[in-house]
Amino acid sequence: LAAERDPRGERAVPELPEVETVVRDLRPLLVGRSFLEVAVSSKSLRHRWSRAWAKEILGRRVHRIERRGKWILIDLGKPWLLVHLGMTGQFTVAEGLRETHTHLVFTLDNARELRFRDVRRFGSVRLFPDRAQLDAFFQESRLGPEPFELVLDDWSRAVNRARRSLKAILLDQTVVAGVGNIYADESLFEARLHPTLLGFELGRTRTERLRLAIINVLTRAIALRGSTIRDYIGGSGLRGEMQREFRVYGRTGEPCLRCGMPIQRMVLAGRSTHFCARCQRKRR
């Protein structure tokens, strides 16, 4: 499918729907299970796994699994594992022959394995001694609110005071957590807003329209298990299907599904940006 290609060779980084799918897949496979062993490859991820961490998690039972933005959080009673998929990370429960580029393996008490595979090694798995220190990490990172928890007044202030493009605002994880290049483009199309519009040009009504568009697009994407363009698979190893439903992302030159005009592409905020010039006219 044309929509499954990665535009101009760019990597499609897992965003909120992909990470949420991994969490939902892993939850029934991990909660209640214990870690018996940890195997580490000779090649480190973005943050090197400390061998001392193994002593902290062996024998511990998984209490719950959560998501915050693009991060996966695994509660082990007191310590927490914090996982980021980076660009090509795959976090799955599997058995049998291990694939190449598998850099961390946690053996479970049912003989299955929780595996972190990452071709480009931009992902990470880190241990925090307790939830307070994990929360402090997110606070120091200034991670913004979840899209489903955006309060209109706060959202309006963040957008309407900005002298940046809407695309740049949506990519800013301190403004809203979890939205990346794919779902920024899809949300702006849903809201009929041109990606180059500046935040202060929007006004409260269109700002609310954008908030609802983000929620609608992410909800659809989660229902379809996210978007598999190159590397992404869910926690059970299944692919996503949202790429078959893209309205604009990766569809340069193809007809708009609303009006038939060719989808255009530009580079904005350092990323490929896809839009329909007719449906997303730049009205100030």
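Residues numbered from 1 in each chain as written. Predicted model: local features only at pLDDT ≥ 70, side-chain atom pairs only at ≥ 80, totals over all residues. Heavy atoms only, no water.

Topic: the confidence of the model for the protein chain
Considering every residue of the protein chain, the mean pLDDT works out to 94; 96% of them sit at 70 or more. When the criterion is pLDDT under 50, residues 1-9 qualifies, and its contacts beyond four places in sequence or with other chains add up to 25 contacts. (pLDDT = per-residue confidence, 0-100. Contact = heavy atoms within 4.5 Å.)

Considerations on empty space enclosed by the protein
The full count for this structure, using the stated rule, is 1 cavity of 30 Å³ or more. In this structure, the largest cavity encloses a volume near 90 Å³. Residues that form the lining of the largest cavity fall into these classes: 7 nonpolar, 1 polar and 3 charged. (1 Å grid on protein atoms, 1.4 Å probe; cavity = no way out; pocket = protein on both sides within 12 Å on 5 of 7 lines; lining within 4 Å. Points joined across faces, edges and corners; volume = space filled by probe spheres on them. Nonpolar A, V, L, I, M, F, W, Y, C, P; charged D, E, K, R; others polar.)

Details of the sheet that holds strand β5 (residues 89-94)
In spatial order, the strands read β1-β6-β7-β5; together these 4 strands make up an open sheet with antiparallel pairing. What marks the edges here is a single partner per strand, and that holds for β1 (35-40) and β5. The sheet shows a mean angle of 15 degrees between the axes of neighbouring strands, taken without regard to direction. Note: strand β6 (residues 102-108) against strand β7 (residues 113-118), 5 bridges, orientation antiparallel. Among the inter-strand pairings, F106 is bridged to a residue of β7, identified as L114. Lying on the sheet, helix α1 (residues 16-30) is in contact with β5, β6 and β7; it crosses β5 at an angle near 25 degrees. (Pairing = 2+ DSSP bridges. Helix = DSSP H or I, 4+ residues; strand = E, 2+ residues; numbered from the N terminus. Axes fitted to C-alpha atoms, helices over the stretch in contact; angles between N-to-C directions.)

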